Amino acid sequence: GQNIDQPTEMTATEGAIVQINCTYQTSGFNGLFWYQQHAGEAPTFLSYNVLDGLEEKGRFSSFLSRSKGYSYLLLKELQMKDSASYLCAVRGFYNQGGKLIFGQGTELSVKP
Amino acid sequence: EAGVTQFPSHSVIEKGQTVTLRCDPISGHDNLYWYRRVMGKEIKFLLHFVKESKQDESGMPNNRFLAERTGGTYSTLKVQPAELEDSGVYFCASSHLLTNEKLFFGSGTQLSVL
């Protein structure tokens, strides 16, 4: 079966660093995505990993280990506006394009 | 550049009624996807259009759901007749044909079936 696991909720302090983990078990793998979703708004693309390693983009970084079926999203210098749901999603096969398998999302609360 | 727009943002209907959701993708995006999030569950794929053709409709729950994309521009998703379990948030997403990694999502339609 297809399964993507991530913590339901996390809390962190403004200015700190937080790591949101995601583990996956899928019948195929052709990329892992992270999306950010503020309440009532559209999910917005944060990152895409298809090869092992770390992808850095400003305050956000995403890591992938295909052999372990594991990824994390690292958020540095947390700001209040980073409070949102963070969605981990996997594409099973290349020809599936934007057909993604999502985790339930991690609700991140940033406190002052 | 306008993003993906969905209409209506909210819809409340009674069981047995018909509802039609609309999605306008970003101009020039040939790929259009419908996803759904039922309360307490993850976002799940419903179907994928490439231009006006259904590429993959493996996620459609049953034959009460009908999606169309006439002319390859906007898309509609009709639920007829609606059942209680159809309640949820319906998201539309689009992407460019050649850069399919990056999906642009709409804000969704919150459907409540009473």
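Each value, and the rule that gives it
- Residues numbered from 1 in each chain as written.
- Chains lettered and ligands numbered in written order.
- Predicted model: local features only at pLDDT ≥ 70, side-chain atom pairs only at ≥ 80, totals over all residues.
- Heavy atoms only, no water.
- Phe/Tyr/Trp six-rings, centres within 6.5 Å; stacked < 30°, edge-to-face > 60°.
- Disulfide = S-S within 2.5 Å.
- Helix = DSSP H or I, 4+ residues; strand = E, 2+ residues; numbered from the N terminus.
- Buried < 20%, exposed > 50% of the residue type's maximum accessible area, 1.4 Å probe, protein only.
- Pairing = 2+ DSSP bridges.
- Axes fitted to C-alpha atoms, helices over the stretch in contact; angles between N-to-C directions.

Attention shifts here to the packing of aromatic side chains. Within a pair of aromatic rings, the relevant descriptors are the distance that separates the centres and the angle that separates the planes. Under the definition given, this model contains 15 aromatic pairs over all chains. Relative to Tyr35 of chain B, the ring of Tyr33 of chain B has its centre 6.5 Å away and its plane inclined at 35°; by these criteria the two rings are tilted.

Let's shift gears to the state of the cysteines. Such a bond, covalent and formed between the sulfur atoms of two cysteines, is termed a disulfide. Considering all chains together, one arrives at 2 disulfides over all chains under this definition. Disulfide pairing is shown between Cys22 of chain A and Cys88 of chain A; the S-S distance is 2.0 Å. With the S-S bond torsion at -70°, the cross-link from Cys22 of chain A to Cys88 of chain A turns out left-handed. On the criterion of sequence distance, the pair formed by Cys22 of chain A in strand β3 (residues 18-25) and Cys88 of chain A in strand β9 (residues 84-91) is long-range, its members being 66 residues apart. We note that Cys22 of chain A, like Cys88 of chain A, is buried. Shown here is the disulfide that connects Cys23 of chain B with Cys92 of chain B, its sulfur atoms set 1.8 Å apart. Judged by the sign of its S-S torsion, about -60°, the cystine formed by Cys23 of chain B and Cys92 of chain B is left-handed.

Another aspect to go through is the sheet that holds strand β8 (residues 70-75) of chain A. All names here are of chain A. Taken in spatial order, the 5 strands make up an open sheet running β1-β3-β8-β7-β6, and their pairing is antiparallel. In this open sheet, the two edge strands, each paired with only one partner strand, are β1 (3-5) and β6 (53-57). Taken pair by pair, the neighbouring strands of this sheet meet at an average axis angle of 15°, ignoring direction. Both β6 and strand β7 (residues 60-65) contribute to a ladder of 5 bridges, which runs antiparallel. The residue of β7 that forms the bridge with Gly53 is Leu64.

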